[in-house]
Amino acid sequence: MKKIDFVVAGKRYEYSVPEKWDEMSADQFRTYVEVGNFGIDLVRRIIGMHDVVAVSLNMGQWWQLRQEFEWLKDTDNVGKLFINQVTLTDGTVCYGYNADFSNITWEEWMFCDTYANAGRWDVLAAVLYRPERENWNHETDRRIPFTKYGAESRVARMNELDPLTLRCIQLNYKMLRKRLTDHYSQIFSLPDEEEEEGRKKKNAGSTDWLTIIRNMMGDNFFEEQKYYNISVPAVFFQLEARVKEAKKNGKK
């Protein structure tokens, strides 16, 4: 965080300015999503600038203040989950996932990412945000284990959330996913020989995870099944290694 201050009519106004995404609060992220564009209004609202200060700044001061937020334009390096929990209409508190996806199983990922690609952010929220497990000991995933049936029962109540909250969950997921996919870029690159239709599919953000697993593991059902309960980063690490090895050996 960086401290900046302005003196207006003899009174000093001090503000805390985040210098990177991970320093933003949940409320500041909500403001970012709500405003939707980078400009003076966004900067002013993020730091909670007093009206007296806002009307007193000249264009040069506004320009300097905007420069402090240039990092907002780099959305590829977001590593924070801003919406840590949501409260449903029946009072149930649902807790979010780890920003590095380390507490998301491969089965959970395939389910939520497929619905994300279909624009069903209510389903994604119902998958990734779950109630606390009984007798949680702070050493395991706080959330109850994932089941598709449990997610289906929460979808309707997720749709009753504040629309801005759902938009925040949506954008935050896209940001964190982008960081993950950039890290494991080999998995998300199509061979040069792929048809145009395949490239269109990739560009649309759609990924057939079941096909990827089967291509990597072969048709051995038991080999495929063992990956379902492994964390997403662990699976990606293994898939990435297999892709690199295949390319090294001249295989597609």
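Scroll up to find the structure.
An account of the accompanying structure is given in this report. Remember, it's a predicted structure, so these values are computed and weren't measured experimentally.

### Brief notes about the side chain of arginine 130
Link 1 in the chain: Tracing the backbone shows arginine 130 in strand E5 (residues 130–131).
Link 2 in the chain: At 2.7 Å, the side chain of arginine 130 and the backbone oxygen of valine 127 are in polar contact.
Link 3 in the chain: A distance of 2.6 Å separates a polar side-chain atom of arginine 130 from the backbone oxygen of isoleucine 144.
Link 4 in the chain: If we skip the residues at most four places from it in the chain, arginine 130 touches Val93, Cys94, Tyr95, Glu108, Asp141, Arg143, Ile144, Pro145, Phe146 and Arg154.

### Quick notes on the packing of aromatic side chains
Link 1 in the chain: Taken as a whole and judged by the stated rule, the model has 16 aromatic pairs.
Link 2 in the chain: Ring centres of tryptophan 121 and tyrosine 173 lie 6.2 Å apart, and the angle between their planes is 65°; on these two criteria the pair is classed as edge-to-face. Here the residue tryptophan 121 occupies a position in helix H6 (residues 121–128), and tyrosine 173 occupies one in helix H8 (residues 163–183), the gap between them amounting to 52 residues.
Link 3 in the chain: Residue classification places tryptophan 121 among the buried residues on the basis of a relative accessible area of 15%.

### Considerations on the pattern of salt bridges
Link 1 in the chain: If you walk through the whole model with that rule in mind, you get 16 salt bridges.
Link 2 in the chain: When the shortest N-O distance is used, the salt bridge between aspartate 5 and arginine 12 registers 2.7 Å.
Link 3 in the chain: Salt bridges sharing common partners tie together Glu108, Arg130, Asp141 and Arg143.

### A closer look at the layout of surface pockets
Link 1 in the chain: Approximately 170 Å³ is the volume attributed to the second largest pocket.
Link 2 in the chain: Together, Asn84, Gln85, Tyr95, Gly96, Tyr97, Asn98, Asn103, Thr140, Asp141 and Arg142 line the second largest pocket.
Link 3 in the chain: Across the lining of the second largest pocket, the residue classes tally to two nonpolar, six polar and two charged.

### Details of unusual backbone geometry
Link 1 in the chain: At alanine 9, a position not held by glycine, the phi torsion is positive, near 55°.
Link 2 in the chain: Relative to the helices and strands, alanine 9 resides in the loop between strand E1 (2–8) and strand E2 (11–17).
Link 3 in the chain: If you check the backbone angles, histidine 138 has positive phi at about 70° while not being a glycine.
Link 4 in the chain: Within the element layout of this structure, histidine 138 appears in the loop between E5 and helix H7 (148–158).

Parameters and conventions
- The residue numbers shown here count from 1 along each chain, following its written sequence.
- Local features are withheld for residues below a pLDDT of 70 in this predicted model, meaning they are given only at 70 or higher, and side-chain atom pairs are given and counted only at 80 or more; totals for whole chains, interfaces and linings count all residues.
- Water and hydrogen atoms play no part in the side-chain values, which are based on all heavy atoms of the structure.
- Runs of H or I in DSSP of at least four residues are treated as helices and runs of E of at least two as strands, each being numbered from the N terminus.
- Residues adjacent in sequence count toward polar contacts only when both atoms are side-chain atoms; beyond that, a polar contact is any pair of N or O atoms within 3.5 Å, and within protein one must be able to donate a hydrogen and the other to accept it.
- Here, residues are in contact when the closest pair of their heavy atoms is within 4.5 Å.
- Each aromatic pair joins two rings of Phe, Tyr and Trp (for Trp, the six-membered one) with centres within 6.5 Å, and gets the label stacked for planes under 30 degrees apart, edge-to-face for over 60, and tilted for any other angle.
- Residue exposure (1.4 Å probe, protein chains only): buried if accessible area is under 20% of the type maximum, exposed if over 50%, otherwise partly exposed.
- Salt bridges are defined as contacts in which a side-chain nitrogen from Lys or Arg sits within 4 Å of a carboxyl oxygen from Asp or Glu.
- Think of a 1 Å grid over just the protein atoms. A cavity is a set of points where a 1.4 Å probe fits yet cannot get out, a pocket is an open set with protein on both sides within 12 Å along at least five of seven lines, and lining residues have an atom within 4 Å of a point.
- Grid points are joined across faces, edges and corners, and a volume is the space filled by probe spheres set on the points.
- Charged residues are taken to be Asp, Glu, Lys and Arg, nonpolar residues to be Ala, Val, Leu, Ile, Met, Phe, Trp, Tyr, Cys and Pro, and polar residues to be all remaining types, Gly included.

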